[in-house]
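A closer look at the structure
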Amino acid sequence: MNTIKNYQTILKYMAGLLGILSFLCSGMHTSLYASDPDANWKNSILNIEVTQDLTIKGTVISSDDGLPVPAANVIVKGTTSGTTTDFDGNYTINVPSENTVLIFSSIGFTSQEITVGTNNTINVSLETDVSELDEVVVVGYGTAKKETLTGSIEQVKPEVFESRAVTNVALALQGQSPGLVINRSASRPGNEDINLQIRGATSVNGGSPLIVIDGAPAFDDSEFFQMNPDDIESISVLKDGAASIYGSRAANGVILVTTKKGRGKMKVEFNTMIRANFIGLNPPVPTMQQYGQLWLDAAEQDAVPNYWNWGEETVRGFAAGEARFYQTLPAVWGYDGLVYMAPANRFDELYGSNFGRQNTLSISGSSDQARYRLSIGESESQGALKTAYDGIKQYSVRLNSDYDVTEKLNLTANIALQKNITSSPSQGFGRTLVAQDAPVFPSKNPQGQWYGNFGIGGTNSVAATSEGGRDNLEENLAKLTLNLNYDIGYGFSAMLNGTYNHVNSRRDVYNIAVPTYNWNGELVNAVTNNPTISALHITKSYQTYGGFLNYDKSFGKHNFGVMAGITAEKNDFKALYGHRTGFVDEGVYDILVATGVQTNGGANNNNNRGQDHEGLFSYLTRINYDYDEKYLVELVGRRDGSSRFAPGFKFNNYGSVSVGWNVHKEKFLENVDGLNNLKIRASIGSSGNQVGIGPYDYVSTIATGTELFGEGGTLSPTAWVSGLTTTTRSWEDVVMKNIGIDFALFNNKLSGSFDTYERKNNGMLVNVTYPEVLGAEAPETNSGNLETTGWEAVLNWRGGKNDFSYNIGLNMSDSNNMLVNLEGGNAIQAGLRRTVEGYPLNSYFAWETDGLFQTQAEVDAYNAQYAGDGSEVPTGASALRIGDLRKVDLDGNGVINDQNPDAEKGQGDVKFVGDAQAHYVFGINLGAKYKGFDFTAFFQGHLEQTVYRNGVLQAPFVFPWPNQTVAYNGQQWTPENTSATYPRLTAQTGLARWNWFETDIAAQNSKYVRLKTLVIGYSLPSDVINKLNLDKLRIYFSGNDLFEFTSLIDGQDPESGVTPLSTDTNINRSIYPFQRTIAIGLNLAF
Amino acid sequence: MKKIISLFSAVFLLLVSCEDTFLDLQDLDSVTEQVYFDDPQNFEDAANRFYRGLHSPSPTMNDGWDMITDYGTELSGRIQDYGQGVNTATDEDIYWNNGYTYLREINLLLQKAEEYVADGGDASEIRESIATAHFFRAYQHFRLLKRFGGIPLVTEVTNVDSEILFAPRNSRYEVVEQVLSDLDLAIAGLPQTATGANLGKISSIAAMAYKARVLLFEGTWEKYVGTATDFEGSGTEDNSVAYIAAAVTTAKAVMDSGQFAIWNQNADPIMENNSYRWLFSLEGAESNPGGYTKASNNEFIIQTIYDFGTQNTINSLFTQINFGRNSPTQVALDMYVSDDGLPIDKSPLFQGYAVQSDQFIDRDRRMWANFGELVLEGESLPILAITAESGTNLSNWKFTTWNNYRVVRTEGYNYPHLRYAEVLLIYAEALYERDGSISDSDLNISVNLVRDRAAVAPLTNALVSANGLDMLEEIRRERTVELYMEDNNHWNDIRRWDTAKDLLSDDLIGYVIEGSEYETDSSLFDSSNAIFGFKEDYPSGVGPVRALIIDPSSNRPYNQKNYLWPLPINETVINTNLVQNPGW
């Protein structure tokens, strides 16, 4: 079955290749014309009025290594017209006269101006200038030269997305920009559960960075995540007061995405990649033998052995790996407690390797007046599930074009279409996957029917995922962007912009009753007894409008820039949800097929709301001034109004002031050799966070439901007022202070920056804790304070000689937050506490322990001292023994208890052990080039994160009924291994919990470094590709998440942080194995 | 050029002028509080909402089942920390929180009703909804009383600035007065009956039956427990005489209404005197051997309606978990009298303990109905290792469906919160508590109707005196076996009788060992499993014998302080006016 599937995948891929080949052929056909130097007819159609007398040709090379510089700009000075060099550094340009001055520039090189003169051939050798000071950086509502930036803005280059074996843009960004921390809790394509954070937490209410794509806020994170990575020109990360220009949504920072535009002669690029995923980390689930042995080992250590409902004989059978009928204790299992059990490795049955692919094709180019780029992307990624398809397919089309209507008026029109199809099994995830049942139930009985676990059925994850129905989500995104830019003259320009974003999504979920049978083939139960089907259709639209006036003027050494604008946005949401019972699988999966009653799908479905809308209206301005690019000042102001607040409370103001000093431009440093850049920056800015405020929270609404009455059982309507409200609440007000320094030394070979910041959320929306007599959740009010401090450092080295060049980049950041005020706060208890005043968000409090009992005398003394009234010291069958953990009476009150009503925060013998946030997050970039070879390795990791597991697999026998972890095998105390860190095995639940639940030894300090990316490429030399009539041909190998060093000992993915081991049915947090990916790919340009 | 400038200016102006288009947006899919409650139907809908506050097997707001079962008592092998008396004060208490959440909704309806009438609405149109609100205000306050004793009474809509948030506790006496006065308003305003389409709603008689329960509870609590559990500053009062007397008349009024009857189909031979067994899983004709349906039942006075057809089923593991965990102790088994109406230590019919199934011979049919599922004729089931989860080797059978009629979670039988049998038992108990005696004729219209269904000889003064029985003890026994596992009755009973402090601090007994197969057959019982040892003089049906302890008294410091739960710590921290219960 599986081989057939693999063949199918290969066939699909072959078909895809054929299609691409035919695409290529047609493209080559075009390129024949495009590469014909006499084929000027094409240009003349597009060029309307400019007369071009001279044709200049030439090659641009790098003075450093003599290699051609591709994609260098060749621009006619004083105009916007120009061209770019091809892959060999060749260019052709028509110029009006011999007096024309051409500007040659490229990122990483000093630009040169050359007057045309009489030469028809101008070859240019550009000096390398790896200082990126001239680089233009995208900032909020505009661009700025890096040299004159005053804010903490990090620009990520498109290379980051190239040749990567991931399709999710966010995953490619991981570790690339210090301060931008990207977490995913699962490596399940389409269901990664990604969380972005810039500079740590801003609020107890969460919140993630605002993402702006080509000037308009992204509709939702998914619009960004699912973008075709090949479309991204650059990404700017706004971290400090520079973000204030985005006002009420900027408190978590802003990510600005700019898509690629066409430039130069027509160019066709084609990239293809095929990927294979394989399982990287095995969660610590046992085989049947290991499972049985664990019980036996525990029994050996226990005074009173406990074999749960299995009984000793059964457990011995497990350990011996015997496949047979077993007698278990509850007579309701199987036949009077007789259940057939055999080695059944659920994990291997469920997971394996899968293939994926990604193809992109783009056609881009420009004439003097118009630029265009059309790109098409297609990809498919699959998770590790073997029993059924679990993956995502993405398709995208983007057309970016702009046109100079007149010399002064430019019209931009961008259209983007995206389609994502995510498809997964609808049942069998959650803890039933592998965490719940012991590995002793074969998935099928000898008759080939699904075998019901325990001989009584109901769960069987292989059956449930294979045949239990599907969860299909199809999203269609369409976005239109229009810009009109007018150069008024005298330094003034005006811009109008509008975007319209439309999202249609439909989610069909159906559950099928998969019958399960006992070993003898009798029907026992079904995976669900209540098959249902539901359909959720959501239509969302998002429109933004903006009008801006710019003024840029220099008076001598005084440079001014002023921008003022108005923006307006409106979000409309409409959803229709249907849920019907009585679904029978007839091969047709529409809600109309179900015969049962229509219900609202249960109270857990928050998506079945009807419709809403909300709007934002803002005034904004920015003033830049610099003196000789030496002393820099920027002022930002913004006034935001939102429909989410009551009349009178709708508006709020934001702003920032930032200054910079280019010290290296000072006279006294002018002659310091090797110092290329030294800049000091400082900023203070305010911004808002609106997470946690619903569209109409300021009014109480009536919620409705049903209740059953009557002899026949009829539903009667119910109604209630949903909660308490307040009208006076507003945005959270966040003030960010930043000081930073940038430097470059040794001819820009060494460069770096360091930033330190402090962020205060002064109006954090919190639920003030009232007595529960209130009987309702108190409305959140702007009463909390959260302070975050942190730093970021970047260090880059670039070097090389002759054909060899290399670069090393390091970045690291850390942030720490503290909940200063929460109006009451929560009491401290053992475990993860999301909010405790005086502590970071998501702090862990653990029992302090002091080693293991090594003698009975120690145990006796301990019991005598602490096993009193109100103490949690276990007694009876769970009484303490040698090898158990000794908890410390931290508060000295004579009992062991995690609560102490007399303590200030009610805490007993527990202490703070750390927070759930990752600390000292770093990235290491290594790159090298030698002739046609290129090499990139990117490592990413963190040095500190407190991880404490929850749920059924956290430690042996804290729950007796489910599967058990073997992560601690061999590391626990035994009479032979008395120096072990971990306590002895015990199958007495009370004791196991004493030893493991929220104890400091159970908290792990996660450190890891992971090879996120490895790319090795080879580009064919120019003489070969010239013969092939190509611009570029590169093949590469790419790997993702290839290996890691981690301090976690329980075999979980260190990136998933605190992921509890299946405490709930949230599928993304269930045990889904971590995958590694390898890929081979091809880049082709002509 | 001009065109362009005018275009730009026009667009700018347009943008500025339409601020409200973006900011002044109204809710599109919900009705707001301001416009609701202008129609009697709105009040009825809001009152319907209160029914989810009845504690049923489908927990709302995370309430647990321990509030409707006998977990943790001396009858149950399911050991609970609050039954052992080792529980400690917690930060939060879900029952505290939920009680006040329900109360806020109830008070809101009453406030809206006042506004409705003040605005010229017709009070009579919303009378029933108001009375329903009063019933539930009583129900929720009483529930808080049972758990915590005196609590802050809430009779107004609370807000963040309400003084009541930081008020001291009301004494239990004030709470009971409020509960009774709310019940009187409910009785006055509710319709006499709730049948047909209204089945499941509270009727006037139902509110009266509930009032009888409250009166007996509080009357006997004040009589036996007195002020021992009152928090400091409660004041003292003793209304026990008046409450007990009122319990008699209130119960009698319910009986005299003639609306309800014991569901006894024992005349039908196919029922084999097992009507009690089928009552708690009564659904369609296939749910019992006699082919009876829900429609035949008019014993349930307050009940939650479930329905399989419309998939409004129990939806929880209630029956499975009760079956798996709530196994009977030896004390629970020994409670049931023999068919002759005599306790087993007095009855010649009792067959002893030699084989486990012997105990079931000639016993009260309710014993089989509640625990008979696993019993194999002529056999003893093996004794399991002792854990807090598994208890003993028998299981609770009450509320489980018959013959796999329904899969767990899909049971659609109606669930009783208060049924007629309890009213009869209230009547008998209150009468005896009031007079110190009860006539045979009063026994015949009360206790003996219930005993008749269990195929047990009637309780008579003659039987009592001839066999040296205690009438009160026999009436209490009747309650214990009849109302087993229902709405926390036994928990409330042993506290108000002040017997819990003795019953629960004693060794918990799993099995009689002496003289049984367990003594001789090591495949049935491995004595090394007796980790807590044996009680040598367990007063069994055959006299003092050795019995297996499944939780020793040393684990069970249960005492009178445990009659009430501690107030949640968070509450006493925030509201320093709240005095903690004594001993906590």
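In what follows, the structure referred to is the one given above.
Bear in mind the structure is a predicted one, so any value in this text is a computation, not a measurement.

**Comments concerning the overall build of chain A**
The helix and strand tally for chain A stands at 12 helices and 53 strands. For chain A, whose C-alpha radius of gyration is 32 Å, the value lies close to the compact-globule estimate of 31 Å for 1086 residues. Counting across all 1086 residues of chain A, residues that qualify as buried make up 56%. Excluding contacts between residues fewer than 6 apart, the proportion of contacts in chain A whose partners are at least 24 apart in sequence is 69%. For chain A, the centre of its 81 positive side-chain charges and the centre of its 114 negative side-chain charges are spaced 5 Å apart.

**Some details on the environment of A:Gln1075**
Residues and elements named next belong to chain A. Mapped onto the elements of the fold, Gln1075 is located in strand β53 (residues 1074-1085). For Gln1075, a relative accessible area of 5% translates into the label buried. Each C-alpha atom of the pair Gln1075 and Met764 lies 38 Å from the other, and the pair is 311 residues apart in sequence. If we ignore the near neighbours within four places in the chain, the residues touching Gln1075 are Ser187, Pro189, Asn277, Phe278, Gly280, Gln382, Gly383, Ala384 and Asp1041. Polar contacts involving the side chain of Gln1075 include one to the main-chain amide nitrogen of Ala384, which spans 3.4 Å.

**Points about the pairing of strand β9 (residues 142-145) of chain A**
Residue and element names in this part refer to chain A. In terms of strand pairing, strand β8 (residues 136-139) meets β9 through four bridges, oriented antiparallel. If you follow Val138 over to β9, its bridge partner there is Thr143. The hairpin formed by β8 and β9 contains two residues between the paired strands, and Tyr141 there has a positive phi angle of roughly 55°.

**A few points about the sheet that holds strand β42 (residues 843-847) of chain A**
All names here are of chain A. Taken in spatial order, the three strands make up an open sheet running β41-β42-β45, and their pairing is antiparallel. Where the open sheet ends on each side, the last strands, each with one partner, are β41 (831-833) and β45 (910-915). If you compare each strand with its neighbour and ignore which way they point, the axes differ by 35° on average. Both β41 and β42 contribute to a ladder of three bridges, which runs antiparallel. Across the sheet, residue Gly831 finds its bridge partner in β42, namely Phe845.

**Here we look at the interface of chain B and chain A**
Opposite the 77 residues of chain B that make contact, chain A presents 82 residues. Summed over both sides, the interface between chain B and chain A buries roughly 6700 Å², with carbon and sulfur atoms accounting for 68% of that surface. Where chain B meets chain A, there are zero salt bridges. Remark: the boundary between chain B and chain A carries 12 residue pairs in polar contact (both at pLDDT 80 or more). Secondary-structure elements contributing two or more residues to the side of chain B that touches chain A are α1 (2-17), α2 (19-23), β1 (31-32), α3 (40-49), α5 (94-118) and α22 (569-574) of chain B.

**Structural notes on unusual backbone geometry**
All names here are of chain A. You will see that Asp628, though not glycine, has its phi angle at about 60°, which is positive. Its identity as a non-glycine residue notwithstanding, Asn1029 has a phi of 65°, on the positive side. With respect to the helices and strands, Asn1029 occurs in the loop between α12 (1022-1027) and β51 (1032-1040). Given the relative accessible area of 39%, Asn1029 is considered partly exposed.

**Some points on the packing of aromatic side chains**
Residues and elements named next belong to chain A. Under the definition given, this model contains 84 aromatic pairs over all chains. Residues Tyr91 and Phe104 carry aromatic rings whose centres are separated by 5.5 Å and whose planes lie at 70° to one another, so their mutual orientation is edge-to-face. With a gap of 13 residues between them, Tyr91 in strand β4 (residues 90-95) and Phe104 in strand β5 (residues 101-105) connect regions that are remote in the sequence. Phe104 carries the same exposure label as Tyr91, and that label is buried. Considering the side-chain rings of Tyr844 and Tyr948, the 6.2 Å spacing of their centres and the 55° angle between planes classify their relative orientation as tilted. Taken as a pair, Tyr844 in strand β42 and Tyr948 in the loop between β48 (946-947) and α11 (989-996) lie far apart in primary sequence, 104 residues in all.

**Let's talk about the environment of A:Ile245**
Residues and elements named next belong to chain A. Position of Ile245 relative to the elements: it lies in the loop between β15 (232-238) and β16 (254-259). Relative accessible area serves as the criterion here: at 0%, Ile245 is assigned to the buried category. Between the C-alpha atom of Ile245 and that of Val636, which follows or precedes it by 391 residues, the distance is 6.1 Å. Those residues in contact with Ile245 that sit more than four places away from it in its chain are Gly140, Tyr141, Met563, Leu620, Thr621, Arg622, Val636 and Arg638.

**As for the pattern of salt bridges**
All names here are of chain B. A complete count under the given rule lists 86 salt bridges over all chains for this structure. The residue Glu299 makes a salt bridge to Arg419 at a minimum N-O spacing of 2.7 Å. On the criterion of sequence distance, the pair formed by Glu299 in the loop between α10 (275-279) and β2 (300-304) and Arg419 in strand β3 (residues 415-419) is long-range, its members being 120 residues apart. With respect to burial, Glu299 and Arg419 carry one shared label: buried. Note that Arg453 and Glu482 form a salt bridge whose closest N and O atoms lie 2.9 Å from each other. Linking Arg453 in helix α16 (residues 447-453) with Glu482 in helix α18 (residues 471-482), this pair joins segments that are 29 residues apart in sequence. When its relative accessible area of 0% is taken as the criterion, Arg453 is described as buried. For Glu482, a relative accessible area of 0% corresponds to the buried category. Within this structure, Glu299, Asp364, Arg366, Lys398, Arg419, Arg451, Arg453, Glu478, Glu482 and Glu486 form a network of salt bridges that share partners.

**Focus on the packing of helix α6 (residues 127-148) of chain B against helix α8 (residues 204-225) of chain B**
Residue and element names in this part refer to chain B. Packing of α6 against α8 brings their axes to within 12 Å, and their N-to-C directions diverge by 25°. Relative to α8, the element α6 is oriented roughly parallel. Handedness of the crossing formed by α6 with α8: left-handed. Where α6 abuts α8, its residues Phe135, Tyr139, Phe142, Leu145 and Lys146 lie against Ala207, Tyr210, Arg213, Val214, Phe217 and Glu218. In terms of residue class, the contact of α6 with α8 is built from eight nonpolar, no polar and three charged.

**Regarding a negative patch on the surface**
On the surface, B:Asp38, B:Asp39, B:Asp122 and B:Glu125 cluster together into a negatively charged patch. With respect to the element layout, B:Glu125 can be found in the loop between α5 and α6.

**As for helix α11 (residues 318-325) of chain B**
Those residues of α11(B) that fall on the buried side of the exposure criterion are B:Phe318, B:Thr319, B:Ile321, B:Asn322 and B:Phe323. In this structure, the buried side of α11(B) is in contact with β3 of chain B.

**Here's the deal with the side chain of A:Arg681**
Residue and element names in this part refer to chain A. Structurally, Arg681 is set in strand β34 (residues 675-689). What makes Arg681 buried here is its relative accessible area of 4%. Looking at Arg681, its side chain comes within polar contact range of the side chain of Asp742, at 2.9 Å.

**With respect to the sheet that holds strand β4 (residues 508-512) of chain B**
All names here are of chain B. Read from one edge of the open sheet, three strands run β4-β6-β5, paired in antiparallel fashion. This sheet does not close on itself; its edge strands, each paired only once, are β4 and β5 (534-540). Neighbour to neighbour, the strand axes of the sheet diverge by 55° on average, direction disregarded.

**Side note on a nonpolar patch on the surface**
Residue and element names in this part refer to chain A. Residues Ile376, Val397, Leu399, Tyr403, Val405, Leu411, Ile415, Leu417, Leu480, Leu482 and Tyr500 make up a contiguous nonpolar surface patch of roughly 840 Å² in combined accessible area. Of all the elements in the fold, those that place two or more residues in the nonpolar patch are β22 (391-404), β23 (409-425) and β24 (470-489). By the secondary structure assignment, Leu399 is in strand β22. The exposure class of Leu399 is partly exposed, given its relative accessible area of 33%.

**A closer look at α1(B)**
Residues and elements named next belong to chain B. With 16 residues, α1 extends 22 Å between its outermost C-alpha atoms, agreeing within 8% with the 22 Å of an ideal straight helix rising 1.5 Å per residue. Inspection of α1 places Ile4, Phe8, Phe12 and Leu15 among the buried residues, and these make up the whole buried set. Projected down its long axis, α1 shows its buried positions confined to an angular sector of 65°, all on one face. Relative to its buried face, α1 has exposed residues pointing more than 90 degrees away, namely Lys2, Lys3, Leu13, Leu14 and Ser17.

Calculation notes
Residues numbered from 1 in each chain as written. Chains lettered and ligands numbered in written order. Predicted model: local features only at pLDDT ≥ 70, side-chain atom pairs only at ≥ 80, totals over all residues. Heavy atoms only, no water. Helix = DSSP H or I, 4+ residues; strand = E, 2+ residues; numbered from the N terminus. Rg over C-alpha atoms; globule rule 2.2 N^0.38 Å. Buried < 20%, exposed > 50% of the residue type's maximum accessible area, 1.4 Å probe, protein only. Contact = heavy atoms within 4.5 Å. Lys, Arg positive; Asp, Glu negative; His and termini not counted. Charge placed at Lys NZ, Arg CZ, Asp CG, Glu CD. Polar contact = N/O pair within 3.5 Å; in protein donor to acceptor, adjacent residues only side chain to side chain. Pairing = 2+ DSSP bridges. Axes fitted to C-alpha atoms, helices over the stretch in contact; angles between N-to-C directions. Buried area = accessible area lost by both parts, 1.4 Å probe. Salt bridge = Lys/Arg side-chain N within 4 Å of Asp/Glu carboxyl O. Phe/Tyr/Trp six-rings, centres within 6.5 Å; stacked < 30°, edge-to-face > 60°. Parallel < 35°, antiparallel > 145°, perpendicular 65-115°, else oblique. Left-handed = near helix turned anticlockwise from the far one by under 90°. Nonpolar A, V, L, I, M, F, W, Y, C, P; charged D, E, K, R; others polar. Patch = residues over 30% accessible without salt bridge, like charges linked within 9 Å, V, L, I, M, F, W, Y side chains within 5 Å. Areas by Shrake-Rupley, 256 points an atom, 1.4 Å probe, with all protein chains shown as cover. Expected span 1.5 Å × (residues − 1). Arc of directions from axis to C-beta.

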